[in-house]
Amino acid sequence: MNISNSPVRRVGVVGGGQMGAGIAEVCARAGLDTVVCEADATAARAARERVAMSLERAVQRGKLDRLSADDALARLVFTGSLDELADRQLVIEAVTENAEAKTELFNSLDKIVEDPEAILASNTSAIPIMRLGMATGRADRVVGLHFFNPVPVLPLVEIVSSLHTTEETVRAVDGFARDILGKSTIRSRDRAGFVVNALLVPYLLSAIRMAESGYATPADIDTGMELGCAHPMGPLKLADLIGLDTVAAIAGSMYEEFKEPLYAPPPLLRRMVQAGLLGRKSGRGFHTYDRG
């Protein structure tokens, strides 16, 4: 991938968790000057370690050579200050799936990012892009850029435009995702769940309700879909991978918008989130995982 003709050379990523770290990694591997902003210096160090470990796994699996991995890590700057994003041409938000937190962040980024032509993008799974855009003075330059986990592996990016997002902005981020990051893109209107989650989340919730009712065990539900429908991962394993808190947040956003019962988070899902049983990232969800 060649960035010589790209208008975007300087990228910022806000949030260095599972998704943010993955987005930062693919940007750095594509040769982009990338700044990752976390809540504080300690979280920034943890984000750097997360990316470094992912790059090392890619080397060990033969997906990336050592020199390329070292070069990618060298292109990354990790900080605890949003002010470090002032000169960015594209900033991708990847913080917790909370509408208030994201809206406040976009309001701050609008004041900090100096170039009025810079694009502010959100990796949200379901929160309306219009809401985020209206928190800024540049709603025409605000867009959804939804990656999928794990970001370095899965090839898809959803591009979501609000009623204010210009076609120029959409073309710019589409070209960025396809030509620079090497991703495949699809476009969606600004509706909760977009394309993929609007189809996926009701399926996951149905599996959770099946487990909740005692109709079948989580293991049997997953085995049934893996061996009976050739799915690479059963729905409850997938929910654990996504994060049960994220699944609940997406479902909540979709239910708030459409008020359809199939989008409502089941009681079991809400209780598991309250208990901190979030899936892979906590070591336990519908299945148990080794966090080491």
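Preceding this paragraph is the structure being described.
Described in the following lines is the structure provided in the data block. Just so it is clear, the model here is predicted, and its values are computed rather than measured. (Residues numbered from 1 in each chain as written. Predicted model: local features only at pLDDT ≥ 70, side-chain atom pairs only at ≥ 80, totals over all residues. Heavy atoms only, no water.)

## Regarding the side chain of serine 122
Selection criterion: Segments assigned H or I by DSSP are reported as helices when at least four residues long, segments assigned E as strands when at least two residues long, and all are numbered from the N terminus. Contacts between residues were defined by any pair of non-hydrogen atoms, one from each residue, lying within 4.5 Å.
Topologically, serine 122 is positioned in strand β5 (residues 119–122). Residues within four places of serine 122 in sequence aside, it is in contact with Glu93, Lys102, Phe106, Ile129, Leu132, Val143, Gly144, Leu145 and His146.

## Thoughts on the packing of helix α10 (residues 244–258) against helix α11 (residues 267–274)
Heads up, the rule is: Here an angle of 0 to 180 degrees is reported between the N-to-C directions of two axes, which are lines fitted to C-alpha atoms, with helices fitted over the stretch in contact. Any angle that falls under 35 degrees is termed roughly parallel, while one over 145 is termed roughly antiparallel, one within 65 to 115 roughly perpendicular, and all others oblique. Handedness of a crossing follows from how the near helix is turned relative to the far one, being left-handed for an anticlockwise turn of less than a right angle and right-handed for a clockwise one. Three residue categories are used. Nonpolar comprises Ala, Val, Leu, Ile, Met, Phe, Trp, Tyr, Cys and Pro, charged comprises Asp, Glu, Lys and Arg, and polar comprises the others, including Gly.
Between α10 and α11, the shortest axis-to-axis distance is 9 Å and the interhelical angle comes to 130°. Between α10 and α11, the angle is such that the two are oblique. Like other packed secondary-structure pairs, α10 and α11 cross with a definite hand, here left-handed. Residue-level inspection shows Leu244, Asp245, Val247 and Ala248 of α10 in contact with α11, the latter providing Leu269, Met272 and Val273. When its residues are assigned to classes, the contact of α10 with α11 shows six nonpolar, no polar and one charged.

## A short note on the sheet that holds strand β6 (residues 142–147)
What counts is decided by this rule: Pairing between strands requires that DSSP locate at least two bridges from one strand to the other.
The mixed open sheet is built from eight strands, whose spatial order is β3-β2-β1-β4-β5-β6-β7-β8. Pairing within the sheet leaves two strands with one partner each, and these edge strands are β3 (76–79) and β8 (184–189). Mean inter-strand twist for the sheet, computed between neighbouring axes without regard to direction, equals 25°. Bridge count for strand β2 (residues 33–37) against β3 is four bridges, and the pairing is parallel. Across the sheet, residue threonine 34 finds its bridge partner in β3, namely leucine 76. Its contacts with the sheet place helix α4 (residues 99–112) against β1 (10–14), β4 (90–93), β5 and β6, and it is angled at close to 165° to β5.

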